[in-house]
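Descriptive structure summary
The chain contents come next:
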Amino acid sequence: MYDQIQKAERSRSREQILIERLPCTFAVCKVEDYSKVNLSGAFCFLQKTDEENSLVCLSDQIPENVTEVQDGWRAFRVKGQMDFSLIGILAGIATVLADEAISIFAISTFNTDYILVDEEDFEKAADVLKNAGYLMQ
C-alpha cells in the first residue's frame, strides 16, 4: 500500500515538471584547455577537475583543440528556475529513462538541469518521459 501511495505522489509531482526538447545537437568533449572554446555560443558547459577539462557544446562549435569527442547528443531542459530545496527531480528523470535502458549525460546549472541522450534515443526518451507523466514541450 505504501509503495502505491509513493508512486501516486511521484506521478503527481511529474505532472508539474515541464521538460523542453531542445532542437540542437551537442558534442561532449575533452579539451587541452579552454582557449579555443566559443564562450559566446548559445550553450557552453565547462567542467574542470584535477584530471580533465571537459566541454559540452553545440556540435557546430567543437573547438580545434579537442583530444576526445563524442558527438550526436540531443538534450532536454527542465523548464523554469528550480529552487535548490527541490529533491529528486533529476533522479526521477534518470530513473524513468534508465528503466528503459536509455543512458543519459546530465548537466546541472544554477537555474535548472539538462539531460542529454544519444540522438538515436531522443524520440524514445521523449515518449518515455511523456508516458511517465512529465509535461513535454
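See the structure shown above.
In this report, we go over the structure that sits alongside the text. (Residues numbered from 1 in each chain as written. Predicted model: local features only at pLDDT ≥ 70, side-chain atom pairs only at ≥ 80, totals over all residues. Heavy atoms only, no water.)

1. A closer look at helix α2 (residues 89-98)
The criterion, for reference: A simple rule labels every residue: compare its accessible area, found with a 1.4 Å probe on the protein chains alone, to the largest value its type can have, and call it buried under 20%, exposed over 50%, or partly exposed in between. Note on conventions: DSSP H or I runs of at least 4 residues are helices, E runs of at least 2 residues are strands, and numbering of each starts at the N terminus. The arc in question is formed by the directions pointing from the helix axis toward the C-beta atoms.
The complete set of buried residues in α2 reads Ile89, Gly92, Ile93, Val96 and Leu97. Projected down its long axis, α2 carries its buried residues within an arc of 125°, all on one side.

2. Digging into the environment of Asp60
By secondary structure assignment, the location of Asp60 is in the loop between β3 (53-58) and β4 (66-78). Judged by its relative accessible area of 66%, Asp60 is exposed. Spatially, the C-alpha atom of Asp60 lies 8.2 Å from that of Phe26, the residues being 34 residues apart in sequence.

3. A word on the side chain of Arg74
Just so we agree on the cut-off: Only four residue types enter the charge count, namely Lys and Arg as positive and Asp and Glu as negative; His and the chain termini do not. We count a salt bridge whenever a side-chain nitrogen from Lys or Arg sits within 4 Å of a carboxyl oxygen from Asp or Glu. Side-chain atoms alone can form a polar contact between residues adjacent in sequence; in general such a contact is a pair of N or O atoms within 3.5 Å, and within protein one must be able to donate a hydrogen while the other accepts it. Working rule for contacts: check all heavy atoms of both residues, and any pair within 4.5 Å makes them a contact.
With respect to the helices and strands, the residue Arg74 is situated in strand β4. One buried charge, Arg74, has no salt-bridge partner; the nearest side chain with opposite charge is Glu119, at 4.7 Å. In terms of polar contacts, Arg74 uses its side chain to reach the backbone carbonyl oxygen of Leu22, at 3.0 Å. Not counting residues within four places of it along the chain, the set of residues in contact with Arg74 comprises Leu22, Pro23, Cys24, Thr25, Ile115, Leu116, Val117, Glu119 and Phe122.

4. Focus: the packing of α2 against helix α3 (residues 122-131)
Definition in use: Under this scheme, a helix contributes an axis fitted over its contacting stretch, all axes are lines through C-alpha atoms, and angles between N-to-C directions fall in the 0 to 180 degree range. Each crossing is labelled by how the near helix is turned from the far one, with a counterclockwise turn of less than a right angle marking it left-handed and a clockwise turn marking it right-handed. Gly counts as polar in this scheme, as do all residues outside two lists: the nonpolar Ala, Val, Leu, Ile, Met, Phe, Trp, Tyr, Cys and Pro, and the charged Asp, Glu, Lys and Arg.
With their axes 10 Å apart at the nearest point, α2 and α3 run at an angle of 115° to one another. Judged by the sense of rotation from one axis to the other, the crossing of α2 with α3 is right-handed. Residues Ile93, Val96 and Leu97 of α2 touch α3, and the partners they reach there are Ala125, Val128 and Leu129. Of the residues belonging to the contact of α2 with α3, the class tally is 6 nonpolar, no polar and no charged.

5. Quick word on the pattern of salt bridges
Enumeration according to the criterion identifies 5 salt bridges in this entry. Between Glu68 and Lys30 there is a salt bridge, with the nearest N and O atoms lying 3.7 Å from each other. On the criterion of sequence distance, the pair formed by Glu68 in strand β4 and Lys30 in strand β1 (residues 18-31) is long-range, its members being 38 residues apart. Sharing partners across several salt bridges, the network here consists of Glu20, Arg77 and Lys79.

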